[in-house]
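What follows is the residue order along each chain.
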Amino acid sequence: MQAKTIFVAGHNGMVGSAIVRQLQKQPEVTVITRSRSELNLLDQSAVANFFESNDIDQVYLAAAKVGGIIANNTYPAEFIYENLMIQNNIIHSAHLAGVNDLLFLGSSCIYPKLAEQPMQESALLTGTLEPTNEPYAIAKIAGIKMCESYNRQYGRNYRSVMPTNLYGENDNFHPENSHVIPALLRRFHEAKLAGDDKVIAWGSGKPMREFLHVDDMAAASIHVMNLSNDVYNSNTQEMLSHINVGTGVDCTIRELVETVAKVVGFKGKIEFDTSKPDGAPRKLMDVSRLKSLGWQYEISLEGGLAQTYEWFLANQDNFRK
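Counting of residues starts from 1 at the beginning of each chain's written sequence and follows it residue by residue. A pLDDT threshold of at least 70 governs which residues receive local features in this predicted model, and a stricter bar of 80 or more applies before side-chain atom pairs are shown or counted, although totals over entire chains, interfaces and linings include all residues. With hydrogens and water set aside, each side-chain value is computed from the structure's full complement of heavy atoms.

A. Representation of the pairing of strand β7 (residues 198–202). Here the term buried applies to any residue with accessible area under 20% of the maximum for its type, exposed to any over 50%, and partly exposed to those in between, with areas from a 1.4 Å probe on protein chains only. Per the convention used, a helix needs a DSSP run of H or I reaching at least four residues, while a strand needs a run of E reaching at least two, with both numbered from the N terminus. Across the two faces of β7 the burial differs, with V199 and A201 buried and K198, I200 and W202 not buried at all. At least two bridges found by DSSP between two strands is the condition for calling them paired. Pairing of β7 with strand β12 (residues 269–273) involves five bridges; the strand directions are parallel. Counted as the bridge partner of K198 is K269 from β12.

Okay, structure coming up:
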């Protein structure tokens, strides 16, 4: 394997840290990272100077401003501004510095609110987005189109991957601001410690969701980055080049809740509060394009939840209020 210097932007996040862990296992790879205090990705001149000062072969663009529904609704200006600036600065500076290979990480929220299930890549820009995270989604769509535009005009090899719901090591277990899997793991863990006889879950438990372990996401990202141009170009289109990353398998929220309880070892009852909102009935990614490119997931939901719970137990002091 030819020696490569690889910059991972957003290396402290859940996905970025998983990519770094896997890249560091590869011989002949030098991984470059910069903390926020070392490199402000919102600063165009600082990012340009960074690329000019380092001989970089590949970039994984995993840096982003992220948050749940409340954060997206409360700070829409920050979500669209900061994400656009991070993407613009890194993609353009990488191009100016002659970096030919870049992978942009997006989100399944790029698809219309009422997209047909499972969601195919071709659903992009065919309908109205979910209003609560529209600014974030538009920034991610712009990132895809930036990569495609630099490919078309300058012959770059800038690719984009869109993950489904992710979970795993380095997830956010904050009691109010976390997503469904870390929230459930923490709630059942605390209920077990307290000796509670029941846990109440929001909604009916009927909606269906897809979940991918972050180590699988990292593996998929590295796989897509390193595909030959012939293979990649024969399975994508010039202006529809992004690739869904997921399992292609979903489960009901009830099944998820019951599996989390099993993994944690909670023995009490589970009740569903049907007065709470369910959200969309289903959100599933079509991953046939990714399979045609030679990759599919390996970590089962129960196995991934068990790994994540072990990591939570080892790091739970960091999550106390």
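Still more to cover.
B. Seen up close, the nonpolar core. Nine residue types can take part in a nonpolar core, namely buried Ala, Val, Leu, Ile, Met, Phe, Trp, Tyr and Cys, and a core is a set of them joined through side-chain atoms within 4.5 Å. In this structure, F7, F51, I90 and L102 are the most contacted members of the largest nonpolar core, which totals 39 residues. Contributions of two or more residues to this core are made by β1 (4–9), α2 (44–53), β3 (58–61), α4 (76–96), β4 (101–105), α5 (134–154) and β5 (157–163). Per-element accounting of this core gives the leading share, seven residues, to α5. Not counting residues within four places of it along the chain, the set of residues in contact with I90 comprises A9, L41, V47, F51, V59, L61 and L102. If you look at the next biggest cluster of nonpolar residues, it comprises 29 residues, including L23, L105, M217 and L227. Here a residue-residue contact requires only that any non-hydrogen atoms of the pair lie within 4.5 Å.

C. Fine view of the pattern of salt bridges. When a carboxyl oxygen of Asp or Glu lies within 4 Å of a side-chain nitrogen of Lys or Arg, that pair is called a salt bridge. Inspection of the entire model under this criterion finds eight salt bridges. Two residues, E190 and R186, come together in a salt bridge whose shortest N-O distance is 2.9 Å. Taken together, the positions of E190 and R186, both in helix α6 (residues 180–194) and four residues apart, correspond to about one turn of that helix. Classification of E190 as partly exposed rests on a relative accessible area of 40%. The exposure class of R186 is buried, given its relative accessible area of 9%. Here E271 makes a salt bridge to K198, at a shortest N to O gap of 3.5 Å. Remark: K198 occurs in strand β7 and E271 occurs in strand β12; sequence separation between them is 73 residues.

D. Fine view of the environment of P281. As for its position among the elements, P281 is in the loop between β12 and β13 (282–283). Residue classification places P281 among the exposed residues on the basis of a relative accessible area of 66%. Counting along the chain gives 16 residues from P281 to G265, while the straight-line C-alpha distance between them is 28 Å. If near-sequence neighbours (up to four positions away) are discounted, P281 is found in contact with P207, M208 and R209.

E. Fine view of the packing of α4 against α5. A fitted line through C-alpha atoms represents every axis, and for helices the fit uses only the stretch in contact; the resulting angles, taken between N-to-C directions, go from 0 to 180 degrees. Orientation of α4 relative to α5, taken along the N-to-C sense of each, is 15 degrees, at an axis distance of 8 Å. In this view, α4 runs roughly parallel relative to α5, as classed from their interaxial angle. The element α4 and its partner α5 pack so that their crossing is right-handed. For the pair α4 and α5, the contacting residues are P76, F79, I80, N83, L84, Q87, N88, I91, H92 and H95 in the first and P135, Y136, I138, A139, K140, A142, G143, M146, C147, Y150 and Y154 in the second. For this classification, the nonpolar set comprises Ala, Val, Leu, Ile, Met, Phe, Trp, Tyr, Cys and Pro, the charged set comprises Asp, Glu, Lys and Arg, and every other residue, Gly included, is treated as polar. Looking at side-chain class alone, the contact of α4 with α5 contains 14 nonpolar, six polar and one charged residues. Roughly parallel means an angle under 35 degrees; roughly antiparallel, over 145; roughly perpendicular, 65 to 115; everything else is oblique. Crossing handedness is read from the near helix: turned anticlockwise from the far helix by less than a right angle, it gives a left-handed crossing, and turned clockwise, a right-handed one.

F. Geometry of the sheet that holds β4. With parallel pairing, the six strands of this open sheet are ordered in space as β2-β1-β3-β4-β5-β10. The sheet terminates laterally at β2 (29–32) and β10 (243–245), the two strands that pair on one side only. The sheet shows a mean angle of 20 degrees between the axes of neighbouring strands, direction not considered. Pairing geometry for β1 and β3, over four bridges, is parallel. The residue bridging V8 from the neighbouring strand is Y60, located in β3.

G. View of the sheet that holds strand β11 (residues 251–252). Read across the open sheet, the three strands follow the order β11-β8-β13; overall the sheet is mixed. Because the sheet does not close on itself, it has two edges, and the strands there are β11 and β13. In this sheet, β13 lies alongside strand β8 (residues 208–209) in parallel orientation, the contact comprising two bridges. Its bridge partner lying in β13, R209 is registered against K283.

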